[in-house]
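# Residue-level structural notes
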Amino acid sequence: MILISTQQLTFEEYLNYQGESGVCYELYRGHLIEMPTPTAIHIKIIEFLVYQFRCFFAAHNLPLVAVVTTAVRTEENSSRVPDVMICTQSLWEQVCAQAGSAVLDFEEKPLLVIEVTSQNWRDDYIRKRAEYDLIDIPEYWIVDPNQPKIRVCSRPENEGSYSQQEFLPGQQVQSVQFAEFILSVNQVLSPPLVEDLIREEQAQRQQLEQQVERLAQRLREMGVDIDTEV
């Protein structure tokens with residue numbers, strides 16, 4: 001954790017803070033923290049997870065969104081910027097309609113946050129876990145490509161603090177809230193390019209369309225009028 005100034009800011013001052021262009025800042029108990037420039041693998045993991053969550057929400061018709069660079073207020077004068085945040089569409093639209101920085105306040109709680117570890121990995125495992133737990137975020141993932149492992153923290157019913165599960169290479173990681181959302185740990189830690197996944201999906205869709213068209217043509221040749229409405 002690198003504090004960039006000894007001057008303390010209130011949460012309201014943080015919302016209106018104009019720092020260096022292109023730099024993202026967190027607020028920890030009044031002190032600004034400049035977030036480190038992410039590595040390439042860090043970016044690939046985030047893009048992969050966002051893509052997978054968005055596909056899952058669309059396929060299951062869930063009114064949820066997966067977003068990045070959106071902050072979450074965790075204490076009176078603290079605000080964190082998780083790598084990935086899951087919230088309802090209605091909450092996200094509410095945030096979009098607000099002036100100023102994209103920050104969720106205390107009453108605006110995400111369903112799930114994800115941190116991909118970097119050089120400040122201690123914050124992810126200790127400080128941020130405590131802060132996310134304190135404001136009752138139901139689920140928190142720590143994706144650690146260096147260990148390598150994925151830790152999923154969640155709050156079981158009738159328990160007052162996070163419990164945790166760890167998923168290692170060769171296993172599959174599963175969301176606590178979305179039981180059908182299951183990913184290979186290996187794929188998360190060493191993900192393909194999202195662009196390649198999109199190309200693969202488009203190729204599969206085109207192949208299916210061609211198969212349907214061939215079947216339709218064969219039925220026409222057999223004298224079946226498939227164009228007649230029933």
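Conventions used here
- Residues numbered from 1 in each chain as written.
- Predicted model: local features only at pLDDT ≥ 70, side-chain atom pairs only at ≥ 80, totals over all residues.
- Heavy atoms only, no water.
- Helix = DSSP H or I, 4+ residues; strand = E, 2+ residues; numbered from the N terminus.
- Rg over C-alpha atoms; globule rule 2.2 N^0.38 Å.
- Buried < 20%, exposed > 50% of the residue type's maximum accessible area, 1.4 Å probe, protein only.
- Contact = heavy atoms within 4.5 Å.
- Areas by Shrake-Rupley, 256 points an atom, 1.4 Å probe, with all protein chains shown as cover.
- Patch = residues over 30% accessible without salt bridge, like charges linked within 9 Å, V, L, I, M, F, W, Y side chains within 5 Å.
- Salt bridge = Lys/Arg side-chain N within 4 Å of Asp/Glu carboxyl O.
- Phe/Tyr/Trp six-rings, centres within 6.5 Å; stacked < 30°, edge-to-face > 60°.

## Focus on the overall build of the protein
- Looking only at helices and strands, the protein features six helices and 13 strands.
- Relative to the compact-globule value of 17 Å for 230 residues, the protein shows a C-alpha radius of gyration of 22 Å, a clear excess of over 25%.
- Considered along the principal axes of its C-alpha atoms, the protein spans approximately 80 × 40 × 40 Å.
- Taken over 230 residues, the protein has a buried fraction of 40%.
- Across the protein, every contact between residues at least 6 apart in sequence was considered, and the portion connecting residues at least 24 apart equals 56%.
- Surface accessibility of the protein: about 13200 Å² in total, with carbon and sulfur atoms responsible for 49%.

## As for unusual backbone geometry
- Here the residue pair Gln147 and Pro148 is connected by a cis peptide bond, since its omega of -10° sits within 30 degrees of zero.
- With respect to the helices and strands, Pro148 occurs in the loop between β9 (139-144) and β10 (149-154).

## A closer look at a nonpolar patch on the surface
- A cluster of nonpolar residues, Met222, Val224 and Ile226, forms a patch on the protein surface that exposes about 270 Å² of accessible area.
- Counting through the fold element by element, Ile226 comes out in the segment after α6 (194-221).
- The class of Ile226 is partly exposed, set by a relative accessible area of 35%.

## Re the packing of aromatic side chains
- If you walk through the whole model with that rule in mind, you get 12 aromatic pairs.
- Their ring planes at 40° and their centres at 5.8 Å tell us that Phe53 and Phe57 sit as a pair that is tilted. A residue pair is termed a helical-turn pair when its members lie 3 or 4 positions apart in one helix, as Phe53 and Phe57 do in helix α2 (residues 40-59) at four residues. The residues Phe53 and Phe57 share a single accessibility class, namely buried.
- Here Phe57 and Phe178 contribute two aromatic rings whose centre-to-centre distance is 5.8 Å and whose plane-to-plane angle is 70°, an arrangement assigned as edge-to-face. Taken together, the positions of Phe57 in helix α2 and Phe178 in the loop between β12 (172-174) and β13 (182-184) put the pair 121 residues apart, joining distant regions of the chain.

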